[in-house]
Amino acid sequence: MNAFFTTPLAQADKAIQSSLTHELARQREGIELIASENYVSRAVLEAAGSVLTNKYAEGYPGKRYYNGCAAVDEAETLALDRAKKLFGAAYANVQPHSGSTANQAVFLALLQPGDDILGLDLAHGGHLTHGSPVNMSGKWFKPHFYGVKKDDERIDYDQLAETAHRIKPKLISAGASAYPRIINFNRMAEIAREVGAYFMADIAHIAGLCAVGLHPNPLPLADVVTTTTHKTLRGPRGGMILSRDEALGKKFNSAVFPGVQGGPLMHIVAGKAVAFGEALTPGYKTYIQGVVDNCKAMAKGMTDNGLRLVSGGTDNHLCLLDLRPQALTGDVVTDLLEHAGITANKNMVPFDTQPPQKTSGVRVGSAAGTTRGFTESDFHQIGSWIAEITHAAKAGNGEATAHKVKAEVARLCEKYPLYQGL
Ligand code: DSN
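A brief structural summary.

What counts and what doesn't
- Residues numbered from 1 in each chain as written.
- Predicted model: local features only at pLDDT ≥ 70, side-chain atom pairs only at ≥ 80, totals over all residues.
- Heavy atoms only, no water.
- Pairing = 2+ DSSP bridges.
- Helix = DSSP H or I, 4+ residues; strand = E, 2+ residues; numbered from the N terminus.
- Axes fitted to C-alpha atoms, helices over the stretch in contact; angles between N-to-C directions.
- Contact = heavy atoms within 4.5 Å.
- Near = heavy atom within 4 Å.
- Polar contact = N/O pair within 3.5 Å; in protein donor to acceptor, adjacent residues only side chain to side chain.
- Nonpolar A, V, L, I, M, F, W, Y, C, P; charged D, E, K, R; others polar.
- Expected span 1.5 Å × (residues − 1).
- Buried < 20%, exposed > 50% of the residue type's maximum accessible area, 1.4 Å probe, protein only.

On the basis of which strands lie adjacent, the open sheet formed by seven strands has the order β4-β10-β9-β8-β7-β5-β6 and mixed pairing. Only two strands of the sheet have a single partner each, and these edge strands are β4 (91–93) and β6 (142–146). Shown here is a sheet whose adjacent strand axes are inclined to one another by a mean of 20°, direction ignored. Here strand β8 (residues 198–202) pairs with strand β9 (residues 224–228) via three bridges, running parallel. Across the sheet, the residue bridging to M200 is V224, located in β9. Contacting β4 and β10 (239–243), helix α5 (residues 70–87) crosses the sheet at an angle of about 130° to β4.

Following this line, the structure appears as structure tokens:
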């Protein structure tokens with residue numbers, strides 16, 4: 001017997017096994033509220049940890065640069081078919097290693113360096129890859145931004161239209177990483193048509209909602225849709241490109257490989273296929289409905305207890321807590337939440353005057369907790385705990401309150417076991 005193939009990690013590398021054990025305990029014992037995270041199924045975990053990691057498969061099914069690709073072709077073809085069915089797309093590419101790489105490939109396919117692009121301001125809930133000056137998208141292209149209105153903190157489509165007509169961008173992007181409301185893809189597609197721009201919808205956060213009709217699906221309207229696969233879509237970490245236009249799809253394929261990537265991660269592609277299969281079952285729609293209902297319950301838990309949310313609430317899987325009324329910063333509150341066993345991230349709020357390392361906001365989401373089985377009443381309680389800790393922070397006794405809440409968090413988590421037998 002060759003020990004190389006049979007020795008388990010716990011014996012082969014105790015240091016890394018310890019890191020894995022530590023992380024599993026963190027996931028089991030705490031409440032995960034990071035809006036871009038989720039728990040994958042045991043089946044997705046198996047595919048992602050499978051022997052497919054060994055295979056080089058540059059190219060696409062049936063047209064590879066390496067031999068021996070019959071099995072991985074099966075996996076990728078299943079992933080492609082399921083992705084297209086899930087979103088009603090004519091074209092899919094499941095190879096992008098991340099949402100960021102998917103966006104890079106789209107820009108490479110459709111734009112020339114120096115072209116004007118128009119996207120949602122990062123400080124108003126947008127994403128780094130939509131033209132931020134610190135990202136390649138903002139360095140190699142000429143970025144312009146739209147934002148939210150000061151009064152209702154919802155996207156200002158009139159400003160978007162005015163800017164689009166003035167600068168005539170080559171591409172307009174929709175999509176956000178911290179926007180709690182429905183995005184009007186119809187209006188954006190109309191503006192893009194009026195100015196002759198490509199319309200790209202990056203649905204990384206809301207993909208699961210779009211797939212089941214709990215958020216409008218941009219597929220029929222956009223020239224291209226990009227997404228991650230690990231947020232509400234509940235697959236392995238990765239990205240994907242979708243389109244209704246097969247001719248454009250050819251350009252995206254060349255842009256992903258050989259444009260910005262080499263060999264695809266076939267174990268992750270197989271994991272994506274498994275997750276898309278799960279998302280095509282009726283149970284997934286029930287899950288996503290739960291995500292939305294639970295997020296509203298968590299929002300209510302916060303607002304019932306005197307906190308302010310950006311735009312007053314949520315239509316999707318996330319809420320953005322505005323700490324300006326308490327004159328607190330996001331870094332302080334998220335550290336206290338972590339001490340209570342609740343993981344969230346600090347986040348800029350629109351018109352924030354604090355720097356990104358501090359921020360005036362906290363972003364929380366319901367995707368992971370809903371997978372775990374938390375109910376609306378649990379989420380209302382979680383919202384109340386966030387409020388309790390925030391008020392305590394203001395009063396100067398945040399640590400003591402976090403310590404008290406931690407015991408209650410542990411009791412809740414014990415009711416919903418995670419990855420039994422792992
Ligand atoms: N980093 C992701 C998020 O947390 O929203 C976006 O890429």
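In this section: the sheet that holds strand β11 (residues 308–309). Ordered in space as β11-β12-β15-β14, the four strands form an open sheet in which the pairing is antiparallel. Taken across any chain shown, the strands that pair with only one partner, and hence form the sheet edges, are β11 and β14 (345–347). Pairing between β14 and strand β15 (residues 361–365): three bridges, direction antiparallel. Bridge assignment links N347 to a residue of β15, and that residue is G361. Along the sheet, helix α14 (residues 330–339) makes contact with β14 and β15, crossing β15 at roughly 45°.

Let's shift gears to unusual backbone geometry. The peptide bond linking F257 to P258 adopts the cis configuration, its omega dihedral lying at 10°. A positive phi is found at T359, a non-glycine position, where the angle reads about 65°. When you line up the elements, T359 lands in the loop between β14 and β15.

So, about the site of the ligand. Around the ligand, a shell composed of S36, H127, S177, H205, K231 and R363 is seen. Separating an oxygen atom of the ligand from a side-chain N or O atom of S36 is a distance of 2.7 Å. Contact between the ligand and R363: an oxygen atom at 2.7 Å from a side-chain N or O atom of the residue. Looking at side-chain class alone, the shell around the ligand contains no nonpolar, four polar and two charged residues.

Next up on the list: helix α16 (residues 376–395). Taking 1.5 Å of rise per residue, 20 residues should cover 28 Å, and α16 covers 29 Å from first to last C-alpha, within 8% of that figure. If you check which residues of α16 are buried, you get D378, F379, I382, G383, S384, W385, I386, A387, I389, T390, A392 and A393. Following α16 by one or two positions, G396 has its phi on the positive side, about 90°.

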